Amino acid sequence: MRRHHVGAAPLDRDAENGWEVTGLLGGTSLDGVRMAGFRDGAGAGLDMQVLPQPAVVVVLAVGEARMTVESADGPRPLRSFIASLSPGPARIRGEGVECVEVNLSPRAAHALLGVAPRELEGSVNGLEDLWGRHARRLGEQVTDATTWQERLALTDAFLAGRAAEAPPMWPEVAAAWDTIVARRGRVRVADLAASFGWSRKRLWSRFTDQIGVTPKRAAMLVRFDHAARALCAGGNAGDVALAGGYADQSHLHRDVLALAGCTPGELAGRATSAG
């Protein structure tokens, strides 16, 4: 969820609008995994616009509070859920929300999901639909735990156990993702494939299987993520388009509209009003 930018350092503090945020002391056991506990300390309720980002997001509910996820598929009441790499704009509402949120890089998600990432493209799913009794058991353990550090440690151990049994990602696919991130989405798929001695079709197929979106879509997401952060920080749309590798301001406008459901100016305005 974009509203909460969670790092590896402990975050025991009052976050914006009365949200209590707690990070795992010492960080997580796995590369590409970030997590924190969130609690609506002010009791104001949750009403949050969620933007696509280059990560898979897992939300594990603590206690009985339920959330409603409103996306292109319509509103769905969910306790714990997983949002795929490119679900499109969504809104999450809830009362008395208390949860563990885990952000997974696509490389980490490949090891932890238990299904081919491409099967989840563009969707938000109940966590029990994906992990079955394991998700149910983890939810019970996290709810029974008495401290946030305990809850986060349980979640971390659960993910580490899943990762130990996971098949490896193709090294070329992992390198392609790393290149897209390092270049902030400014890559040509044909050039990327040629750097591994692969055809464009081969890279397209294997990347989509193991990352969950096409290389072109992945580059679009990474580029958008940087642009959205810059716009929300007050950047001028023309400057953001130029710095982000967009062909022009119209190109930025189209991507923001497709991924955020609004114009660049509206996106920046939302950030200002939320602050």
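As a starting point, this report considers the structure included with it.

Cut-offs and rules
Residues numbered from 1 in each chain as written. Predicted model: local features only at pLDDT ≥ 70, side-chain atom pairs only at ≥ 80, totals over all residues. Heavy atoms only, no water. Salt bridge = Lys/Arg side-chain N within 4 Å of Asp/Glu carboxyl O. Helix = DSSP H or I, 4+ residues; strand = E, 2+ residues; numbered from the N terminus. Buried < 20%, exposed > 50% of the residue type's maximum accessible area, 1.4 Å probe, protein only. Pairing = 2+ DSSP bridges. Axes fitted to C-alpha atoms, helices over the stretch in contact; angles between N-to-C directions. Parallel < 35°, antiparallel > 145°, perpendicular 65-115°, else oblique. Left-handed = near helix turned anticlockwise from the far one by under 90°. Contact = heavy atoms within 4.5 Å.

**Looking at the pattern of salt bridges**
- A full pass over the atoms with the stated rule returns 11 salt bridges.
- Between Glu128 and Arg136 there is a salt bridge, with the nearest N and O atoms lying 3.0 Å from each other.
- With a closest N to O distance of 3.7 Å, Arg137 and Glu140 form a salt bridge. A residue pair is termed a helical-turn pair when its members lie 3 or 4 positions apart in one helix, as Arg137 and Glu140 do in helix H3 (residues 133–144) at 3 residues.
- What makes Glu140 partly exposed here is its relative accessible area of 40%.

**Examining the sheet that holds strand S4 (residues 46–50)**
- Taken together, 4 strands build an open sheet; the order of strands is S4-S9-S6-S7 and the sheet is antiparallel. Each having just a single partner strand, S4 and strand S7 (74–78) make up the two edges of the open sheet. Each adjacent strand pair in this sheet contributes to an overall mean axis angle of 20°, direction not counted.
- Relative to strand S9 (residues 90–94), strand S6 (residues 67–71) runs antiparallel, the two being bridged by 4 bridges. Residue pairing for S9: Val69 is matched across the bridge by Ile92.

**Remarks on unusual backbone geometry**
- Phi at Arg184 is positive, roughly 55°, even though this residue is not glycine.
- By secondary structure assignment, the location of Arg184 is in the loop between helix H5 (171–182) and helix H6 (189–195).

**Points about the packing of H3 against helix H4 (residues 148–164)**
- Direction vectors running N to C along H3 and H4 enclose 155°, while the axes themselves pass 9 Å from each other. The angle between the axes of H3 and H4 places the two elements in the roughly antiparallel class. Our pair here, H3 against H4, has a crossing hand that is right-handed. Two secondary-structure elements touch here, H3 through His134, Leu138, Gln141, Val142 and Thr143 and H4 through Arg151, Leu154, Thr155 and Phe158.

**Some points on the pairing of strand S3 (residues 33–40)**
- The buried fraction of S3 is high, at 6 of 8 residues.
- When strand S2 (residues 19–23) meets S3, the two strands line up antiparallel, connected through 5 bridges. When the sheet's bridge partners are listed, Val21 is paired in S3 with Phe38.
- Direction of pairing for S3 relative to strand S10 (residues 98–104): antiparallel, over a ladder of 7 bridges. When the bridges of S10 are listed, Phe38 appears paired with Cys99.

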